[in-house]
Amino acid sequence: MALLLIVAGIIVVEVPSLRKRRLKKELLAFFVMLLIGLGLNIAQILNVKIPTPLDLIVIIYEPVKDWIAGLF
């Protein structure tokens, strides 16, 4: 509940100035990043295992490492 209040406070502070200056792309980016952050925080609160970007790098480069090691 506190997380949603914080998000609402951020929206109340930031959105009016973005709308006043007619920054539509920035407003869209703001909401996308805010929703991503909200989703990640909710997942963390619910103890969902969130993979790190390093996990993706390991998945991509593990076969390359094995191939190079096989050459020697």
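Each chain carries its own residue numbering, running from 1 in the written order of its sequence. Reporting in this predicted model follows two pLDDT cut-offs: at least 70 for local features of residues, and 80 or more for side-chain atom pairs to be given and counted; totals over whole chains, interfaces and linings ignore these cut-offs and use all residues. Water and hydrogen atoms were dropped before computing side-chain values, which therefore reflect all heavy atoms in the structure.

(A) Representation of the environment of leucine 54 within the structure. If you trace the backbone, leucine 54 turns up in helix α3 (residues 53-71). Buried, partly exposed and exposed residues are distinguished by accessible area as a fraction of the type maximum, computed with a 1.4 Å probe on protein chains only: under 20%, between the cut-offs, and over 50%, respectively. You can call leucine 54 exposed: its relative accessible area is 55%. Along the sequence, leucine 54 and alanine 2 sit 52 residues apart, while their C-alpha atoms lie 30 Å from each other. Elements are defined by DSSP. Helices are runs of H or I of four residues or more, strands are runs of E of two residues or more, and each kind is numbered from the N terminus.

(B) A look at a nonpolar patch on the surface. A residue counts toward a patch only above 30% relative accessible area and without a salt bridge, and it is joined to like-charged neighbours within 9 Å or, for Val, Leu, Ile, Met, Phe, Trp and Tyr, to nonpolar neighbours within 5 Å. Using a 1.4 Å probe, accessible areas were evaluated by the Shrake-Rupley method; residue-level cover was limited to the displayed protein chains. By definition here, a salt bridge exists when the distance from a side-chain nitrogen of Lys or Arg to a carboxyl oxygen of Asp or Glu is within 4 Å. Among the surface-exposed residues, Leu54, Leu56, Ile57, Val58, Ile60, Tyr61, Val64, Trp67, Ile68, Leu71 and Phe72 lie close enough to one another that they form a single nonpolar patch of about 1200 Å² accessible area. By the secondary structure assignment, isoleucine 68 is in helix α3.

(C) Spotlight on the environment of phenylalanine 72. If you trace the backbone, phenylalanine 72 turns up in the segment after α3. For the pair phenylalanine 72 and isoleucine 50, spaced 22 residues apart in sequence, the C-alpha separation works out to 36 Å.

(D) Representation of unusual backbone geometry. Phi is positive for arginine 22, which is not a glycine, with a value near 55 degrees. By the secondary structure assignment, arginine 22 is in the loop between α1 (2-20) and α2 (24-45). The class for arginine 22 is exposed, based on a relative accessible area of 73%. Unlike most non-glycine residues, asparagine 47 shows phi in positive territory, near 60 degrees. Here asparagine 47 is to be found in the loop between α2 and α3. When its relative accessible area of 70% is taken as the criterion, asparagine 47 is described as exposed.

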